[in-house]
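Take a look at the letters that make up each chain.
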Amino acid sequence: MSAILNQAHKICTGHLLNAAPSLNKHNKKWQLTFVTIYCSRTLFSLVNNHVSKEKIIKVSPTPSHVILTIPPENSCFKIDETTLTDIVKEKKLEKLQQIGGVNGVASSLETSLDSGITGGAEDIARRREAFGSNTYKKPSSKSFFYFVVEAFKDLTILILLGCAALSLGFGIKENGLKDGWYVGGSIFVAVFLVITVSAISNYRQNRQSDKLYKVSNNIQIDVIRGSRQQQISIFDIVVGDIVCLKIGDQVPADGLFLDGHSVQIDESSMTGESDHVEVNSKQNPFLISGTKVVDGYARMLVTSVGMNTTWGQMMSQLTDDNNEQTPLQVRLNKLTSAIGKVGLAVAFMVLLVLLVRYLIGNTRDENGETEFKGSSTKADDILNAVVGIVAAAVTIVVVAIPEGLPLAVTLTLAYSMKRMMADHAMVRRLSACETMGSATTICTDKTGTLTLNQMKVTKFWLGKETMDGVSSSVSSFIVNLIHQGVSLNTTGGVYRGSFGSEFEFSGSQTEKAILSWAVLEMKMDMEEMKGNFTILFVEAFNSQKKKSGVLIKKKEDNTVHVHWKGAAEMILAMCSSYYDASGVMKDLNGEERIEFKKIIQGMAASSLRCIAFAHKQVAETEEEDVKEKKKLQEENMTLLGLVGIKDPCRPGVKKAVEDCQYAGVNIKMITGDNVFTARAIATECGILQPGQDVDSGAVVEGEEFRNYTPEERMEKVEKICIMARSSPFDKLLMVQCLKQKGHVVAVTGDGTNDAPALKEADIGLSMGIQGTEVAKESSDIVILDDKFASVATVLKWGRCVYTNIQKFIQFQLTVNVAALVINFVAAISAGEVPLTAVQLLWVNLIMDTLGALALATEKPTEELMKKPPVGRTEPLITNIMWRNLLAQALYQITVLLTLQFKGESIFEVPEAVNNTLIFNTSVLCQVFNEFNARELEKKNVFKGIHKNKLFLGIVGMTIVLQVVTVELLKRFAGTERLNWGQWGACIAMAAVSWPIGWIVKCIPVPERPIFSYLKWKKRT
C-alpha cells in the first residue's frame, strides 16, 4: 500500500509541475510547496474514502503567478482573532451560538471556565503573539522642536527677530562682517536663549504629564489564572483570560459574559446612550472595553485586546493635549494682559519720543555729532537708527509684559505634581493643586481613610450569646446555614494552592475578613458549598442598600433558600425571628429586638463594624417570582447571627486631623456605619471632641439630614461633624449645602455612587486602593495609599502652590514697575534708553524663567498650616505684596535714575561705563530681591534656604553669567569692564534691598484689599 501511495505521489507531483513550464525559478519553488500540500491532502482523503465531490480544483496550465493561503500565526488556537473581534463588536449572537456559545469559544482559546488560563510565561507569550497585547498605539509625544516652534510664534519675539535681522544687515553693510555683526547678532543670541529656556521648561512639563497619564491608566484588574484569583495590570491581560468584574470596574477588554448576577453596564462612553444595559448569558453576553459596571458582578472571558477593540482604536486617536487652564492661570492671564497694555502704552510713548528727538536732530552719535542732518543723512543711517529705536521700544514691551507668570504656574504645578506623587497623591486635574490650598472643609470617608482597612472579625453573637468559633454547643444546622450565607453571598474568593498551604482570600477587606473567619474558625469549605447549591439570583451590595442577598437551590432536595447579609440594624429590621445556638427558632418580639439593638450598639461603641446574617427557606415557586420582579424577599427573615469587625485607626491620623483643624479646615466624617461606630471612631481620630454629642447637632444620620427642610439643612450643616448611615445622595446633599454657604469643599470617595459628590465638590479625592474606576475618573486627585494623612499633605501642597506663585508675582511686578518707570523717564528726559536690547533681554530672562524656577520650587513648610484658608474672593495680590513690591520698586527707581543722571559725575566715569553700572546694579538688585521674595511676611528670608538647592544654584548661575556678561562680552552685550571698586559699589547698592525689605515688613497693612476702597468710593 505504501509503495502504491509513493508512486501515485510522484506521478501526481510530476504531472502538476509539468503543467506550468513557463514559471521562473522563484515561482517554481512556491508551486512545489503548493503541489506537495495538495497531493498529500488528496492522497490522504483517498485512503480514508472521504473524497469531496463538491470541490473541484483547477490548475491553470500557464499561470502568471501562484497564490498560496498561508496558515495564520495563531493556528495553534482553533479560532482566529478576526472571528472573535467580529462576534463581540457586532454583537452577533447567532454566530456565537454556531461556534458553541461561550463554552465553545473558551474551548477554542484553551481556557478552563473554572481555573482560567495556566498563566505561565510561555502561555502568555503565545497568546500575545496570536492575538496581540492589551495596549494601544498612541500619537507620539511632542518633541522639543515643537515647543521651540511654539515659542517662536510669540509676536514680540518675532518683532525682535525682525529688528535683529535688520540690525545685522545694516551693521555688516556699514562696518563690515568683522565688526558689524555684534549688535544684531547679540540680539539674535539673546532671543534664542530666551526661547531655548522657555522651550526646555515646557518640554519637561509635557514629559511629566505623559508619565502621570501612564500611571493613571495603569488599572489593576482581578483575573483567574491557574485556579487562583489575582490582581494584574490592565496592560497584562491577554485573550483567554477570565476577568472578575464588580460594581465600579471598567471593562478592560472586549469579552463574553461567563457567569454573574444583576449585571448592569454603562455604555455611554461608547454609544452616548445614558440607559444602562443588562448583560446576561442568553440575550446579551457581550462586554465592550471602556464601559463601566454599575451594578452586579460577573466573570468575563476576554476575546479581544488592545487595538482589536473599539476602545483601543478610539484611545489611539486621542492626544494627551491638556490645554486646561486652571483658575489661577486665568486670573494671571488677565493680570498679564492688564500690565501688558500699560507696557505697550509706555513703549509707544518711548518710541514717539525717541523718533521725534532723532528727527529734530536732538540725538548725537558716539563722536558727539548730530545723527540726523536732514537730506544729507544717508538712507541706510536713517533706517539703521529707526531700527535701533524700534528694537529698544519692543524690548521694553518684552520686559514690561510679565509672560513669566503663566510659566511660573506651569512650573510650580509640574513640580508639585511630581513631588505629590512621591507623597502618594496623583493629580488628575491641574486646577485641583491650587484649589486644594483654599479648601475650608474636608468631607472624609471612614473605612480605609481614617482606619487601616485591615479588618478582622473579633466578635460573634449567636442569638443573645457571644461565641468563640465553632463550639460543641452550636447546632450543626446553624453552622451549615452560616456557611451557606458566607460562601454563596459574597464577591470574594478562597484559594489554597495545596493541602497544608495557607489560605488566600480575595475581595473587599470586609469580604476577606468574613471569609477568613468562616474558613479558619467556622471550618467552612467554600468549594463544597458551591458544589452543593445552585445560585438562582443575586442582589449585589452597594452603598445605597448596604446589604446583599442571594437566592439559592440545594441540589440534594431542590429546596430554595434566601440569604441576606449587611448592616446589622438593617438586617435586624427584616427579621421576625432568630436562631439560638442550639438551632431553635424564637420569635423576635419588642423586648428581644431592643436587646439585639443593645448588642449592636455595644459592639459599635467598641469601634466594631456590625454585620448581620439572615435566612429564610421559601417555596420553589419563588424562583419564578424573583425572575419576574428582580427582587428578593425581605420580610419575615430569621436572624442567623452577628459579627463585629475591628478596623483600627491609622497611626498618625489624629495628628493629621489636628493639623487640618489648626489650619482652619473643618473635618467632617461621612460613613455608612451606624452612629455608634462612627462616633467611637471619630472621637478616637479627634474629629469629635469628648464633650460633643448627638444633642449638639454634631452627629446625625443620613436619613435625618435628608429629611431636613432646605432651611434647616443650611442652618445645621456647618455644625455637623459626623453623618452616619449615609448614602451617596446624602454626601452629595452635604457638599451642595456647604458650597452654598461659601465653603471650598474637598470630598473623599471610593464607590461608584460617590461619583456625583466627587464631581460636585471643588476638589474630588478618590481612593487609589479601595476606589472604583468610576470614582477615580470622577475625581481630581487620587490618594494612592488611601490615608487621611495624604489628604492633609495634599492640602499643604495646595497652599504651597498658591504661596509660591504669589512670591513670584511680587518679584516680577517689582521688576516690571521699576523697568517701566526708569525707561520712560530716561527716554523722555535724556532721549535714550539706558539699557541696550541685549541687556534688557538678559534682565527679562532672569526675571521670567530663572526667577520662576527659583521661586516656584519652594517646598511646603509647617508654617503654611498655621494660616487660615484663602477665600474664594480674596485678591491674588494682597496688601502685603503691594507693600513689599512698591517699596523695592521705589528704591530701584531711585538708585537707577540717580545713576542715569548723576552717575558719570559721582563715579567720574565715561557714559559707556556708567551705562554698565546701571545695567549691573539693575541685575544685582533683582538677585538680592529674589531672597526678599522667598518670604512675603517673615523678616528672616534666609530660613531653610540651604534646603532649596535649586534656588541657590539659580542665584549662583545668575551671578556667574552676569560677571561673564560684564567682563568678557563687551562688544556682544554693549558693556565695559568694571574695576573692584565699581563692582563693590554695585553690590552695596543692590544689597540695601535686604534691610529695606526687613524694615518694610514692620509696617502694618490693613486687612481690607486696597482696591476695595476704590470700589466703595465709586458706589458712594
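Rules used throughout
- Within each chain, residues carry numbers counting from 1 in the order of the written sequence.
- Since the coordinates come from a predicted model, pLDDT governs what is reported: local features require at least 70, and pairs of side-chain atoms require 80 or more to be given and counted, while whole-chain, interface and lining totals use all residues.
- Water and hydrogen atoms were dropped before computing side-chain values, which therefore reflect all heavy atoms in the structure.
- Only DSSP runs of H or I covering at least 4 residues are called helices, and only runs of E covering at least 2 are called strands; the numbering of each starts at the N terminus.
- Exposure classes here rest on a 1.4 Å probe applied to the protein chains alone. A residue is buried below 20% of its type maximum, exposed above 50%, and partly exposed in between.
- By definition in these notes, contact holds between two residues if any of their heavy atoms fall within 4.5 Å.
- Every accessible area reported is derived by Shrake-Rupley at a probe size of 1.4 Å, with residue values counting cover from the shown protein chains alone.
- Throughout, nonpolar core names a set of buried Ala, Val, Leu, Ile, Met, Phe, Trp, Tyr and Cys residues whose side chains join them through atoms within 4.5 Å.
- Known as pLDDT, the predictor's confidence for each residue is given on a scale from 0 to 100.
- For every element, the axis is a line fit to its C-alpha atoms; helices are fit only across the contacting stretch, and the angle between N-to-C directions ranges from 0 to 180 degrees.
- A clockwise turn of the near helix away from the far one marks a right-handed crossing, whereas an anticlockwise turn of less than a right angle marks a left-handed crossing.
- Under the grouping applied here, Gly and all other residues not named as nonpolar or charged are polar, the nonpolar ones being Ala, Val, Leu, Ile, Met, Phe, Trp, Tyr, Cys and Pro and the charged ones Asp, Glu, Lys and Arg.
- For two strands to count as paired, DSSP must find a minimum of two bridges between them.

Asker: Help me understand the overall build of the protein chain, please; the structure alone is not making it clear to me.
Answerer: The helix and strand tally for the protein chain stands at 37 helices and 26 strands. Per-residue burial over the protein chain gives 52% buried out of 1020 residues. Long-range pairs, those at least 24 residues apart, make up 73% of the contacts in the protein chain between residues at least 6 apart in sequence. Accessible surface for the protein chain amounts to roughly 47,300 Å². Of this, 56% is attributable to carbon and sulfur atoms.

Asker: Explanation requested: the nonpolar core in the structure shown.
Answerer: A general tendency of soluble globular proteins is for nonpolar side chains to be buried together. Core analysis: the biggest nonpolar cluster contains 66 residues, and Met436, Ile442, Ile687, Ile763, Ile781, Phe788 and Ile809 have the highest contact counts within it. No other element matches helix α29 (residues 788–830), which puts twelve residues into this core. In terms of nonpolar packing, the next biggest core, distinct from the first, is built from 46 residues, Ala385, Trp983, Cys986 and Ile996 among them.

Asker: Looking at this model, I keep getting lost on the confidence of the model for the protein chain. Mind explaining?
Answerer: Low pLDDT means the predicted atomic positions in that stretch should not be read closely. When pLDDT is averaged along the protein chain, the result is 80, and 82% of the positions lie at 70 or above. Below pLDDT 50 for its whole length, residues 1–5 participates in three contacts with residues either more than four positions away or in separate chains. In the model, residues 7–38 has pLDDT below 50 throughout and makes 33 contacts with residues more than four positions away in sequence or in other chains.

Asker: Can you walk me through the packing of helix α31 (residues 879–907) against helix α36 (residues 993–1000) in this structure?
Answerer: Axis angle and axis distance: for two packed helices, these are the angle between their axes and the distance between the axes, and together they describe the pair. Close contact between α31 and α36 brings their axes to 10 Å; oriented N to C, the two are set at 145 degrees. The two elements α31 and α36 meet at a crossing, and its hand is right-handed. Side by side, α31 and α36 meet where Arg883, Asn884, Ala887, Gln888 and Tyr891 of the first sit next to Ser993, Ile996, Gly997 and Val1000 of the second. Class assignment of the residues belonging to the contact of α31 with α36 gives a composition of four nonpolar, four polar and one charged.

Asker: Before we go on, may I ask you to explain the sheet that holds strand β8 (residues 425–427) in this structure?
Answerer: In a beta sheet, neighbouring strands are held together by backbone hydrogen bonds and run either parallel or antiparallel to one another. The eight strands lie next to each other as β8-β26-β25-β24-β9-β21-β23-β22, forming an open sheet whose pairing is mixed. Looking at strand neighbours, the two that pair on one side only are β8 and β22 (699–701), the edges of this open sheet. With direction set aside, neighbouring strand axes in the sheet form an average angle of 20 degrees. Here β22 pairs with strand β23 (residues 722–724) via three bridges, running parallel. Each residue of the ladder has a partner; that of Glu701, found in β23, is Ala724. In the packing of helix α23 (residues 675–685) onto the sheet, the strands contacted are β21 (666–670), β22 and β23, and the crossing angle to β23 comes to about 150 degrees. The strands touched by helix α26 (residues 728–740) within the sheet are β9 (441–444), β21, β23 and β24 (745–749), with β24 carrying the most contacts at an inclination of about 170 degrees.

Asker: Can you help me understand unusual backbone geometry in this one?
Answerer: In most cases, non-glycine residues show a negative phi, while peptide bonds are predominantly trans. The residue Lys91 is not glycine, and still its phi comes out positive at about 50 degrees. Positive phi outside glycine occurs at Arg725, with the angle close to 45 degrees. Mapping Arg725 onto the fold places it in the loop between β23 and α26.

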